[in-house]
Amino acid sequence: MDNLRLRAILLNLQDRLSNDDRKRLHFYFGNDIPRRIRDDPSLGGTLNLMDSLFDQDKINDEDFTYLINAFDQIRCLDAVKLTFKSKGYDADEDDDGQQMVSSCNSCYQTKSS
């Protein structure tokens, strides 16, 4: 996957994040991003967060597992599914990523209850 495609996926992902999801994501990455970005969970602040992760090479067009793990930890199922599909995984089939999606499914159901 090239860098522009990953950035397009991350832009589409922004539409699936609630304000609370953004706040959780910023809190989760607290030690990895500057305070000014952490304190701005707006769309612009979240895009700055993603840029900061690119700048630190924590995510790149070849490996964005770090971001998938973060979405899993904050129980953001839609984000996990979208990023898995963009990596070539199908969240509805058995594959190496199915375990994470399944575990996130159960966490998400607990969150929604």
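Everything below is about the structure shown above.
Values in this document were obtained by computation on a predicted structure and should not be read as measured data. (Residues numbered from 1 in each chain as written. Predicted model: local features only at pLDDT ≥ 70, side-chain atom pairs only at ≥ 80, totals over all residues. Heavy atoms only, no water.)

### As for the pattern of salt bridges
Phase 1 of the analysis: Across all of its chains, the model carries three salt bridges by this definition.
Phase 2 of the analysis: Between Asp51 and Arg7 there is a salt bridge whose closest N-O contact spans 2.9 Å. With a gap of 44 residues between them, Asp51 in helix 4 (residues 43–55) and Arg7 in helix 1 (residues 3–14) connect regions that are remote in the sequence.
Phase 3 of the analysis: Accessibility expressed as a relative area gives 31% for Asp51, which makes it partly exposed.
Phase 4 of the analysis: The class of Arg7 is partly exposed, set by a relative accessible area of 31%. (Salt bridge = Lys/Arg side-chain N within 4 Å of Asp/Glu carboxyl O. Helix = DSSP H or I, 4+ residues; strand = E, 2+ residues; numbered from the N terminus. Buried < 20%, exposed > 50% of the residue type's maximum accessible area, 1.4 Å probe, protein only.)

### Focus: the packing of helix 2 (residues 19–28) against helix 4
Phase 1 of the analysis: Look at helix 2 against helix 4: their axes get within 11 Å of each other, and the N-to-C directions meet at 35°. Here helix 2 runs over helix 4; the crossing is left-handed. Here Arg22, Leu25 and His26 of helix 2 lie close against helix 4, whose contacting residues are Leu43, Gly45, Thr46, Leu49 and Met50.
Phase 2 of the analysis: Looking at the contact of helix 2 with helix 4, its residues break down into four nonpolar, three polar and one charged. (Axes fitted to C-alpha atoms, helices over the stretch in contact; angles between N-to-C directions. Left-handed = near helix turned anticlockwise from the far one by under 90°. Contact = heavy atoms within 4.5 Å. Nonpolar A, V, L, I, M, F, W, Y, C, P; charged D, E, K, R; others polar.)

### What about helix 2?
Along an α-helix, residues three or four positions apart point the same way, because every turn accommodates 3.6 residues.
Phase 1 of the analysis: Of all the residues in helix 2, the buried ones are Asp21, Arg22, Leu25 and His26. Considered in projection along helix 2, the buried side chains sweep an arc of 135° and stay on one side of the axis. Those residues of helix 2 that are exposed and aimed more than 90 degrees away from the buried face are Asn19 and Phe27. (Arc of directions from axis to C-beta.)

### A look at the environment of Leu6
Phase 1 of the analysis: Note that Leu6 resides in helix 1.
Phase 2 of the analysis: Through-space distance from the C-alpha of Leu6 to that of Phe64 is 9.0 Å; in sequence the pair is 58 residues apart.

### What to know about the nonpolar core
Phase 1 of the analysis: Grouped together as the largest cluster of nonpolar side chains are 24 residues, with contacts concentrated most on Leu10, Leu25, Phe29, Leu49, Leu67 and Phe71.
Phase 2 of the analysis: In contact with Phe29, not counting residues within four places along its chain, are Leu49, Leu53, Tyr66, Leu67 and Ala70. (Core = buried A, V, L, I, M, F, W, Y, C linked by side-chain atoms within 4.5 Å.)

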